[in-house]
Amino acid sequence: MTSEYLRQQFGFDGQVCVVIGGTGVLCGALCDGLAQAGAHVVVAGRSVERGNERVAAIEKLGGQASFIPVDATCRKSLQELLDTVVSRHGRVHALVNGTGVNASTPYLEISDEELKQIFDANFLGTHFACQTFIPHMVSSGGGAILNFGSVTCFRPLSKVYTYAATKAAILSLTQNLGREFAPQNVRVNCLCPGFFPAEQNRNILSPERVTDIMRHTPMKRFGDPAELVGAALLLLSPVAGSFITGTTLYVDGGFTAMTI
Ligand SMILES: NC(=O)c1ccc[n+]([C@@H]2O[C@H](COP(=O)([O-])OP(=O)(O)OC[C@H]3O[C@@H](n4cnc5c(N)ncnc54)[C@H](O)[C@@H]3O)[C@@H](O)[C@H]2O)c1
């Protein structure tokens, strides 16, 4: 009885969820969670190898998944992703924008090329995907979008100037779109993780940086990707999350509540 109740509360059975960046660490865990909750997961990303590995892992768990390559910085590639999913499955119920790149270059040394690369992958990738998928969701009766923010959405995190700016922009976009498309039943929310070791931050987590992070994280540890899944499922759920839009949910071990 309990599991049936929870299945109904989350309502992912028969849902088609596209996870851009599902090739990565955090969204990989989210793909596993969505599939185990009953969704068909479309893992989308640049690495065919990692995408296929994720699909195999999901199938091993008893879930349904497929991989479609995409470059989120390219509108044409995103349109092809949407068209392929719609031709195979009829529609898209949920979209996750989980691409991310980062760099810790000192501010005065940031090149135009680096700034553009980080803005393109983080902000433009999210914006292009929203512009591509929202018209489909509107004409299909609604949908849910989950953008990836960060603890740097509201306060600029030191040493990652460009990344911080992209995440503040993603928060602004999320709130605007949540408001704008609420009447058409398209919900748009922002998940803000604290610190989770992943690919995009591997080179940034120096021993000194880790000491600073732990000093500022009341739980005194990194997050585990599995600890993001419940929060993401809530925001994406057409049942449990049906009245949630334009909001921000932190999963950060208390980082954003820290003072002295
Ligand atoms: N790990 C953390 O501590 C942390 C904290 C806050 C926010 N985030 C955010 O979580 C999200 C997931 O990141 P992660 O930490 O799992 O990193 P990750 O590097 O493991 O995953 C990011 C994925 O995005 C893919 N990607 C990058 N550019 C792309 C593009 N143009 N098109 C398609 N795919 C592209 C990468 O190939 C990779 O698979 C990102 O938005 C990141 O900024 C992570």
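Placed above this text is the structure.
About the cut-offs
- Residues numbered from 1 in each chain as written.
- Predicted model: local features only at pLDDT ≥ 70, side-chain atom pairs only at ≥ 80, totals over all residues.
- Heavy atoms only, no water.
- Axes fitted to C-alpha atoms, helices over the stretch in contact; angles between N-to-C directions.
- Helix = DSSP H or I, 4+ residues; strand = E, 2+ residues; numbered from the N terminus.
- Left-handed = near helix turned anticlockwise from the far one by under 90°.
- Contact = heavy atoms within 4.5 Å.
- Nonpolar A, V, L, I, M, F, W, Y, C, P; charged D, E, K, R; others polar.
- Buried < 20%, exposed > 50% of the residue type's maximum accessible area, 1.4 Å probe, protein only.
- Polar contact = N/O pair within 3.5 Å; in protein donor to acceptor, adjacent residues only side chain to side chain.
- Core = buried A, V, L, I, M, F, W, Y, C linked by side-chain atoms within 4.5 Å.

A. The packing of helix 4 (residues 75–89) against helix 5 (residues 112–140), seen in detail. Orientation of helix 4 relative to helix 5, taken along the N-to-C sense of each, is 35°, at an axis distance of 10 Å. With respect to the hand of their crossing, helix 4 and helix 5 are arranged in right-handed fashion. Taken together, the residues of helix 5 that come into contact with helix 4 (itself represented by R75, L78, Q79, L81, L82 and V86) are G125, H127, F128, A129, Q131, T132, F133 and H136. When the residues that make up the contact of helix 4 with helix 5 are grouped by side-chain class, the tally is seven nonpolar, six polar and one charged.

B. Layout of unusual backbone geometry. A positive phi angle is found at K159, which is not glycine, with a value near 75°. Secondary-structure assignment places K159 in the loop between strand 5 (143–148) and helix 6 (161–181). Within the chain, K220 stands out as a residue other than glycine whose phi angle is a positive 55°. For K220, the position within the fold is in the loop between helix 7 (207–215) and helix 8 (226–236). For K220, a relative accessible area of 49% corresponds to the partly exposed category.

C. View of the environment of T211. Along the chain, T211 falls in helix 7. Each C-alpha atom of the pair T211 and F255 lies 13 Å from the other, and the pair is 44 residues apart in sequence. Polar side-chain contacts of T211 include one of 2.9 Å to the backbone oxygen of P207.

D. A look at the nonpolar core. One finds L34, V41 and L191 to be the most contacted residues of the largest nonpolar core, which totals 33 residues. Secondary structure elements with two or more residues in this core: strand 1 (16–20), helix 2 (25–36), strand 2 (40–45), helix 3 (48–60), strand 3 (64–69), strand 4 (94–97), strand 5 and helix 8. When near neighbours in sequence (up to four residues on either side) are disregarded, L34 contacts F12, C17, V19, A39, V41, L233 and L236. Judged by nonpolar contacts, the second largest core, of 32 residues, contains I68, L82, C153 and L177.

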